[in-house]
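Listed below, chain by chain, are the residues.
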Amino acid sequence: MQVIYVDRFSPASRKSAVNEIKRKAAGNSFPRVLLFPEGTTTNGRFLISFQHGAFIPGYPVQPVVVRYPHVHFDQSWGNISLIALMFKMFTQFHNFMEVEYLPIVYPPEIKQENALHFAENTSYAMAHALNVLPTSYSYADSMIASRAEEAGKANCSSYMVEMAWVKEVYGVSTAEAMELLEHFLAMNPDSDGRVKAQDFWAIFGLDCSPLCKKIFHYFDFENKESVTFRQFLVGCAHLRKQPLFEGVCETAFEKCKAPGTSDISLAQLADALRSGMLPPADDGMLKLFETFDIDDDDKISRDDFVACLARFPFMIALFAGRINGEVYIEIV
């Protein structure tokens, strides 16, 4: 079938796949290249965001929509195993499939309108033919929901965040979202997929001090005393995108370490926290120190400090007392 394989988490693999699509689509020596732009199967009620690999080469696209008329069982796969799918199909006397070829969609004439616009134009044409709505959800959202299901969480759809929109606006990759999801799942979300302030700070070894409550309120803009994964992800992404954020991290590191040293010790970290809050107990302080000590060498280097704050940007507010008056970044 001359399948073009791709590793979704490897930029090099994605680039190689795009080049292969372009090579095969450019010549007449290959059959037409067939791509599934959603990258996964859904319930058929919406179109999720298209992957851009099919549109980057800039060749005209022939949209094709498929329908599965049914009475008892929808055989369009979805969240079901292959064995169960085949069994249920065999229990029906007839399984129907309709294939409709739509008018060819051409790439934008203006070069500035990139693959994103090309993908959107194609998506709108297919959504109109199917009489469904295009959405900002993507394959990454299905990965998030699947991971929540693996973790035994109920109502897994509540963890989805419209990753196509998040990626476009904030530049958050799927890998970064999945990493934050692991931390969120460790916060013991309830059956509705929401985390309370006490559980939120517990994984960092911190209690709900007045400063911590104020930081938590940044995420909890609905005043529900709890936050969703979407609020957690978007809040972190919004902070990290602020123009002054990197400079604030550098300043905070310089203010926390002792003069003439290149690292932050456990005692220095505790001393830095005293400027804005009451440091936690010894076990909590150690847990917070281990969060910043990315490479586990019992000291917080500049790279450790910056990497930790890039992952959890809201924690820069813990050092507000040290950087107050020199830099400003809106957190609370």
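- Under an unreviewed UniProt entry, the name given to the protein chain is EF-hand domain-containing protein, and the source organism is Aegilops tauschii subsp. strangulata.
- Looking at the Pathway (unreviewed entry) heading of the UniProt record, one finds this comment for the protein chain: "Lipid metabolism; phospholipid metabolism."
- In its Sequence similarities (unreviewed entry) section, UniProt records this for the protein chain: "Belongs to the 1-acyl-sn-glycerol-3-phosphate acyltransferase family."

## Quick word on helix H12 (residues 282-292)
(1) Moving on: Along H12, the residues that are buried comprise Gly-284, Met-285, Leu-288, Phe-289, Thr-291 and Phe-292. Across the axial projection of H12, the buried residues extend over an arc of 155°, all falling on one side. Turned more than 90 degrees away from the buried face of H12, the exposed residues are Asp-282 and Asp-283.
(2) Moving on: Buried-residue contacts for H12 involve helix H11 (266-273) and helix H13 (302-311).

## Side note on the UniProt feature "domain: EF-hand" (unreviewed entry) in the protein chain
(1) Moving on: Per the UniProt annotation, the sites labelled "domain: EF-hand" (unreviewed entry) are residues 280-315.
(2) Moving on: Helix makes up 58% of residues 280-315 and strand 0%, whereas the separation of the span's terminal C-alpha atoms amounts to 15 Å.

## Observations concerning the side chain of Thr-228
(1) Moving on: Note on placement: Thr-228 falls in strand E6 (residues 226-228).
(2) Moving on: Dropping the residues within four chain positions of it, Thr-228 is found in contact with Phe-184, Gly-193 and Arg-194.

## Here we look at helix H8 (residues 210-219)
(1) Moving on: When H8 is considered as a whole, its buried residues turn out to be Leu-211, Cys-212, Ile-215, Phe-216, Tyr-218 and Phe-219. Considered in projection along H8, the buried side chains sweep an arc of 140° and stay on one side of the axis. Among the exposed residues of H8, those pointing more than 90 degrees away from its buried face are Pro-210 and Lys-213.

## Description of the domain arrangement of the protein chain
(1) Moving on: Split by domain assignment, the protein chain resolves into domain 1 (1-61 + 103-135), domain 2 (64-101), domain 3 (139-240) and domain 4 (242-323).
(2) Moving on: Relative placement of domain 2 and domain 3: their C-alpha centres are 35 Å apart.

## A closer look at unusual backbone geometry
(1) Moving on: A positive phi angle, near 55°, is found at Asn-155, a position not held by glycine.
(2) Moving on: Along the chain, Asn-155 falls in the loop between helix H4 (139-150) and helix H5 (163-170).
(3) Moving on: Of note in the backbone geometry, Asp-298 takes a positive phi value of approximately 65° without being a glycine.
(4) Moving on: Following the sequence through the fold, Asp-298 ends up in the loop between H12 and H13.
(5) Moving on: By relative accessible area, Asp-298 is classed as exposed at 67%.

## Considering the pattern of salt bridges
(1) Moving on: In this structure the tally under the stated criterion is 15 salt bridges.
(2) Moving on: Put simply, Arg-67 and Glu-100 hold a salt bridge, and the shortest N to O gap is 2.7 Å. Note that Arg-67 is positioned in strand E2 (residues 64-67) and Glu-100 in strand E3 (residues 98-101), a separation of 33 residues in sequence.
(3) Moving on: Judged by relative accessible area, which is 30%, Glu-100 ranks as partly exposed.
(4) Moving on: Between Arg-302 and Glu-254 there is a salt bridge whose closest N-O contact spans 2.4 Å.

Calculation notes
- Residues numbered from 1 in each chain as written.
- Predicted model: local features only at pLDDT ≥ 70, side-chain atom pairs only at ≥ 80, totals over all residues.
- Heavy atoms only, no water.
- UniProt positions renumbered as here; feature names shortened; annotations may be inferred.
- Buried < 20%, exposed > 50% of the residue type's maximum accessible area, 1.4 Å probe, protein only.
- Helix = DSSP H or I, 4+ residues; strand = E, 2+ residues; numbered from the N terminus.
- Arc of directions from axis to C-beta.
- Contact = heavy atoms within 4.5 Å.
- Domains from an automatic or database assignment.
- Salt bridge = Lys/Arg side-chain N within 4 Å of Asp/Glu carboxyl O.

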